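What follows is the residue order along each chain.
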Amino acid sequence: MYKNKITPYLFIIPALVFIFIFVYIPIIENFYFSFFRMNSYAPGRTFLGLDNYKDIFQNDIFYTAIINNTWYAVISLIFQVGLGLVLAITLESKLLGKERKFFRTIYFLPSVIAIAAVGLMFYYIYNPNLGLLNAVISLFTENEFKYAWLGRPNTAIFAVIAMSQWQFTGYIMILLIVSIQKIPEELYEVAEIDGASSFQKAIYVTIPQIKQMILVTSVITVIGAFKLFTEIFVTTRGGPYDTTQVLGTFMYKTAFFYDKMGYAAAIAVIIFIITFTTSIIQIRLANRGGD
Amino acid sequence: MSRKLVTLSIVLAMLLVMSFSLTIGAQEVTLKFLHRWTQEPDSTFFEEVVANYEEQNPNINIDMEVVSNDPFKEKIKIILGTENAPDVFFTWPGEFTNRFIRAGQVMDLTSYMEDGWGDTLIDSVVEPFRYEGKVYGAPYRLDAKVFVYNTKIFEEVGVEEPETFDEFLTVLEKIDNAGYIPIAFGNMFPWAVSHYMGQLNAYCVPYDVYMEDLDPAVGDFAHPGYLMALEKYEQLTPYFNASSNAIRHDEARISLFNGEAAMMYLEIIEIPTIEQQAPEEFRNNYDVFVMPKIEGAEGDQSALIGYPEGFVISANTEHPEEAVAFLKYLTGKEVGQKEAQDLLFVNGVKNVVSKGEIPDSVYNTTQLVLETERLVNWFDSSLHAEIWSVAGSELQKLTDGVATPEEVLEEIRAAAEDVRAQF
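Residues numbered from 1 in each chain as written. Chains lettered and ligands numbered in written order. Predicted model: local features only at pLDDT ≥ 70, side-chain atom pairs only at ≥ 80, totals over all residues.

Quick look at the overall build of chain A
Inference 1: Summing up its helical and strand segments, chain A has 13 helices and two strands in all.
Inference 2: Dimensions of chain A along its principal axes, counting C-alpha atoms only, are 80 × 75 × 30 Å.
Inference 3: In chain A, once contacts between residues fewer than 6 apart in sequence are set aside, the share between residues at least 24 apart is 68%. (Helix = DSSP H or I, 4+ residues; strand = E, 2+ residues; numbered from the N terminus. Contact = placed C-beta atoms within 7 Å.)

Right, here's the structure in full:
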């Protein structure tokens, strides 16, 4: 195809070099740093062996973070992917006519707002004294409702997770809609002839046809759950007393507040292992389902 | 021929301009200056101060960068480790600065201080910038923490400024029963509780013991006074507004200004905010008192929490003499007088302002600081970062009643033990 056999490589090499320098080398360097005690302003580092990892596994906050990330992943799969799928199927069905474009926009719009802006907005919605949520609830209660959604360990992390579902369900929905639109109309006609109801069409035609996209959105949702940072940082900063820490914010706090760069590097290695493994597992599971 | 002549003259002109600008560049010194005031009126104040200095010193160019409070605490650590480290930068004295000193990042100013500079400054305000006998910084503004209270509420409830801690608890109970929030408190960022603990520790623990415990290499927090301090703090927690860990400090302050809360533990550098932003109703009806003394406690009952803030110079600066000159200006009389007029802050220069030149509330609280024999540091700035990481979290739990004073102290002592092992 190419006159010169080298030509295709010439196109690929610049990008490869770029990825190598800015992705792979830092990952390897980070792995190296995880065996040291070091901080950003003092020269020199102390070799610790596996001590950073030992300390992490003995730290309660690490387990709190993993649990929070896992909650985020599970709830996001249910809402963003699950509800996103239901919305996508509904919006693409014959139930709606011209209104579908309006609903598509409404659901998608939150995902284009910067996460930091959404975080700030919800910080005020959840505010115990001035917040919109408590104001609405107060309409139905006898006394003024002043619950601190982000200030109580029981609800704080779920309040932040809810905020993310509001923001990104529409985004996943759009990705699924795009896939649904590619399904050949004939498949539905055949199902119609066989006497399938709308529900049966969704289960037996739509979902199998967009299986790949459902997998992709599940993978990005789960990886996103373990890479979580901004949402927590802007609302609770990991508080109250580290109950809403996730791996990302825990790593950040350790690196930049507690001067423990090596420890933070070890957390980063763990995040990498988790997200990498999760992706491999998900892809394998999907492939086993057959094509 | 003429075309060649035109080209030649253009090239010659460019070379002339380049060499001219190069010579100017060679004489001009650029100092990188980093501070933390992104908001008005402080940001304009610094712009004017810097512009004024550049006018007085044409060969100096100040490259100013501003990063707000909490991001500043992170950025300074990163930037000090790079080639872009600022020449002159803001700092909180105590362990916050001491760790940079230990890493060789801060310039020793002792010789300059002993050369006459120190004579213009108030000793007790320079003292916080001393580490292992040497002076490393200069003060920009004094500070202290006091209870600012609504005199109308106090009058209505029938209470007076408490002298002792037990009297204080009685006052708080009466205010609570009258339906007001006794103490407004926003502890989302736990520096707020560290201000309470710094003062209570100073009251409960003998000074020498406390100072030794703050040294990360040896501190073990074994003295029973620490438990007493935590218990005293616990006694105050029922009188805070609800959800104090979910509210920011400045949000909580709103309830003080609008008359919902009777008092709040504030820094005297917040008094200008009261003068400029609080409703008239509050502005005309407030007064202050220091944390009431604790009877039977072993610490220094005359100690007042309130370390100054200031500026230091990078040890790696390429222009030490110019940086020192700029720092002297920044913390000197000329800027001090402008600071007092524009911002209502008082710096460390002797007799920088007289009574009448600034509002009485600012003057009187400044005198409070100057008359105190012993200033103690905020607990968070005093502690090693790893110990504070645990303490801040535990103190938030204590505030919510989720941990006991014993549990909190145990965690702090465990963290201190881990840190000691590193030295």
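Don't stop here, the text continues.
Focus on the environment of G119 of chain A
All names here are of chain A.
Inference 1: One can find G119 in helix 5 (residues 115-125).
Inference 2: On the basis of neighbour counts, which here come to 20 C-beta atoms within 10 Å, the residue G119 falls in the buried class.
Inference 3: C-alpha of G119 to C-alpha of K94: the two residues are 25 residues apart in sequence and 36 Å apart in space.
Inference 4: Filtering out sequence-adjacent residues up to four positions away, G119 remains in contact with T230, E231, V234 and T235. (Buried ≥ 20, exposed ≤ 12 C-beta atoms within 10 Å, placed from the backbone.)

A closer look at unusual backbone geometry
Inference 1: In this structure, the amide linkage connecting G239 of chain A to the following residue, P240 of chain A, adopts the cis form with an omega of -5°.
Inference 2: Between E40 of chain B and the following residue, P41 of chain B, the backbone shows a cis peptide bond with an omega angle of -5°.
Inference 3: Position of P41 of chain B among the secondary structure elements: in the loop between strand 1 (29-35) and helix 2 (42-56).
Inference 4: Its identity as a non-glycine residue notwithstanding, Y241 of chain A has a phi of 35°, on the positive side.
Inference 5: Counting through the fold element by element, Y241 of chain A comes out in the loop between helix 11 (230-235) and helix 12 (247-256).
Inference 6: Given 23 C-beta atoms within 10 Å, Y241 of chain A falls into the buried group.

Quick word on the environment of G239 of chain A
Inference 1: By the secondary structure assignment, G239 of chain A is in the loop between helix 11 and helix 12.
Inference 2: Look at G239 of chain A and you get buried, because 25 C-beta atoms sit within 10 Å.
Inference 3: Sequence-wise, G239 of chain A and I75 of chain A are 164 residues apart; in three dimensions their C-alpha atoms are separated by 20 Å.
Inference 4: Excluding its chain neighbours within four sequence positions, the residues that come into contact with G239 of chain A are T244 of chain A together with M188, N245 and Q396 of chain B.

Quick word on the interface of chain B and chain A
Inference 1: The interface is formed by 20 residues belonging to chain B together with 17 residues belonging to chain A.
Inference 2: Within the residue set of the side of chain B that touches chain A, elements represented by two or more residues are helix 3 (69-80) and helix 19 (385-400) of chain B.
Inference 3: Among the elements that line the side of chain B that touches chain A, the one with the most residues is helix 19 of chain B, at seven residues.

Focus: the pairing of strand 7 (residues 145-150) of chain B
All names here are of chain B.
Inference 1: With five of six residues buried, strand 7 lies mostly within the body of the structure.
Inference 2: As judged from the five bridges shared by strand 7 and strand 9 (residues 261-267), these two strands associate in the antiparallel manner. Residue pairing in the sheet places K145 in a bridge with E267 of strand 9.
Inference 3: Strand direction decides the pairing type here: strand 7 and strand 10 (residues 286-289), joined by four bridges, are antiparallel. Among the inter-strand pairings, N150 is bridged to a residue of strand 10, identified as Y286. (Pairing = 2+ DSSP bridges.)

Concerning the packing of helix 19 of chain B against helix 20 (residues 405-420) of chain B
Residues and elements named next belong to chain B.
Inference 1: Here helix 19 crosses helix 20 at 175°, and the two axes come no closer than 9 Å. Considering the angle they form, helix 19 stands roughly antiparallel to helix 20. Taken together, the residues of helix 20 that come into contact with helix 19 (itself represented by E386, I387, V390, A391, E394, L395 and L398) are P405, V408, E411, I412, A415, A416, D418 and V419.
Inference 2: Tallied by class, residues from the contact of helix 19 with helix 20 come to eleven nonpolar, no polar and four charged. (Axes fitted to C-alpha atoms, helices over the stretch in contact; angles between N-to-C directions. Parallel < 35°, antiparallel > 145°, perpendicular 65-115°, else oblique. Nonpolar A, V, L, I, M, F, W, Y, C, P; charged D, E, K, R; others polar.)

Concerning helix 17 (residues 360-371) of chain B
All names here are of chain B.
Inference 1: Its twelve residues place the ends of helix 17 16 Å apart at the C-alpha level, agreeing with the 16 Å of an ideal helix rising 1.5 Å per residue.
Inference 2: Within helix 17 the residues assigned to the buried category are V362, T365, T366 and V369. Axial view of helix 17: buried residues confined to an arc of 105°, hence all on one face. With respect to the buried face of helix 17, the exposed residues turned more than 90 degrees away are D360, Q367 and E371.
Inference 3: For helix 17, the secondary structure elements touched by its buried residues are strand 7, helix 13 (271-277), strand 10 and strand 11 (304-305). (Expected span 1.5 Å × (residues − 1). Arc of directions from axis to C-beta.)

Purely geometric stuff here, so don't read any function into it on its own.
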